[in-house]
Amino acid sequence: MSRWRFLIAPRWAGYLALVIVFAIVCSALGTWQLNRRAEALAEVARIDANYDAEPIPLDEALPELDAFDVEQRWQVVELRGEYLVDDEVVVRNRPFSGTTGFEVITPFRLDNGDVFMVDRGWVAQNSDGRPSEVPAPPSGEVDVTARLKAGEGRIAGRTSTGREFATIDLEELAKRVGAPSYTGAYGILVQDGADAAEPPLAAPRPERDEGPHLSYALQWYVFALLAFIGLGWAANQERKAREEAGLDEVPAGGATPPARTQHRAPRRKEPAKRDHDADAEDEILDRR
């Protein structure tokens, strides 16, 4: 294990913390994609269950004016009454077949006096950006079939201008009509045959597509795994480099290398001290 002791350095602790944070972020994004896939699958299930179902009375589907459940999206309802053409509005910036136009929203007064908003379809905009001519709805009392959809509410900074609305704001529409109105949901008019090809154009059938969320989720999880694999690869590369440089060599048996001995320079040999003064005297006499 001595070959891996370098991993306890603060530098490698920082690398590990960074990889953990990266993996957590990737895992969170993968979970988010799985949640989006679950929502898409739920929408596909609603389309299959509601879009082509037999119509039911509106008051049975929505017993209260503000009632609506997300599971009722695309549910087919039937109602009887008359269109209030004078209160008709259009909603701008609505895409259709690659271009932009307007949705035509016409209040529909039921036999009991309540008002239900009906989206009669899409019309193109003319050269000056205004809605093209909108054909009038049938007059008098008629039977209508529509598919339920939740109101859009209001977007901050975007307001209505005259009869042009920024969103399908059921609360504001109810105020304009001045009568008890459904504010939980509105209806997209069901058009068949030749009526669907004439403006206002019928809304296209929603797509049954769960999207690429599953593949995106798997990619994020793979990224999280690759981060740890990359960290292990980098650690192994450093281990090899240290071994080649001899930084982690340990003698056989696990003993620590012997300490170096310090070599001292040999001490100069001093001449022996004369033992007797007589020797000194004899030396003087010899010189003479």
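Residues numbered from 1 in each chain as written. Predicted model: local features only at pLDDT ≥ 70, side-chain atom pairs only at ≥ 80, totals over all residues. Heavy atoms only, no water.

## Thoughts on the pattern of salt bridges
(1) Moving on: The final tally for this structure, using the stated rule, is 16 salt bridges.
(2) Moving on: A salt bridge links Arg 109 to Glu 82, with the nearest nitrogen and oxygen atoms 2.8 Å apart. Here the residue Arg 109 occupies a position in strand β4 (residues 99-110), and Glu 82 occupies one in strand β2 (residues 76-83), the gap between them amounting to 27 residues.
(3) Moving on: We classify Arg 109 as partly exposed; its relative accessible area is 35%.
(4) Moving on: For Glu 82, a relative accessible area of 31% corresponds to the partly exposed category.
(5) Moving on: Put simply, Glu 43, Arg 46, Glu 71 and Arg 73 are held in one network by salt bridges that share partners. (Salt bridge = Lys/Arg side-chain N within 4 Å of Asp/Glu carboxyl O. Helix = DSSP H or I, 4+ residues; strand = E, 2+ residues; numbered from the N terminus. Buried < 20%, exposed > 50% of the residue type's maximum accessible area, 1.4 Å probe, protein only.)

## Comments concerning the pairing of strand β8 (residues 185-189)
(1) Moving on: Across the five residues that make up β8, a large majority, five, are buried.
(2) Moving on: Residue alternation in β8 divides its side chains into two sets, Ala 185, Gly 187 and Leu 189 and Tyr 186 and Ile 188, and both sets are buried.
(3) Moving on: Summarising the sheet, strand β5 (residues 115-124) and β8 pair through two bridges and their orientation is parallel. Paired with Val 118 across the two strands is Gly 187, which belongs to β8.
(4) Moving on: With five bridges connecting them, strand β6 (residues 142-150) and β8 associate as antiparallel partners. (Pairing = 2+ DSSP bridges.)

## Let's talk about the environment of Ala 224
(1) Moving on: Its location among the elements puts Ala 224 in helix α4 (residues 213-244).
(2) Moving on: On a C-alpha basis, the gap between Ala 224 and Ile 24 in space is 7.5 Å, while along the polypeptide they are 200 residues apart.

## Quick notes on a nonpolar patch on the surface
(1) Moving on: A surface patch of nonpolar side chains, amounting to about 560 Å² of accessible area, comprises Phe 22, Val 222, Phe 223, Leu 225, Leu 226 and Ile 229.
(2) Moving on: Mapped onto the elements, Phe 223 comes out in helix α4. (Patch = residues over 30% accessible without salt bridge, like charges linked within 9 Å, V, L, I, M, F, W, Y side chains within 5 Å. Areas by Shrake-Rupley, 256 points an atom, 1.4 Å probe, with all protein chains shown as cover.)

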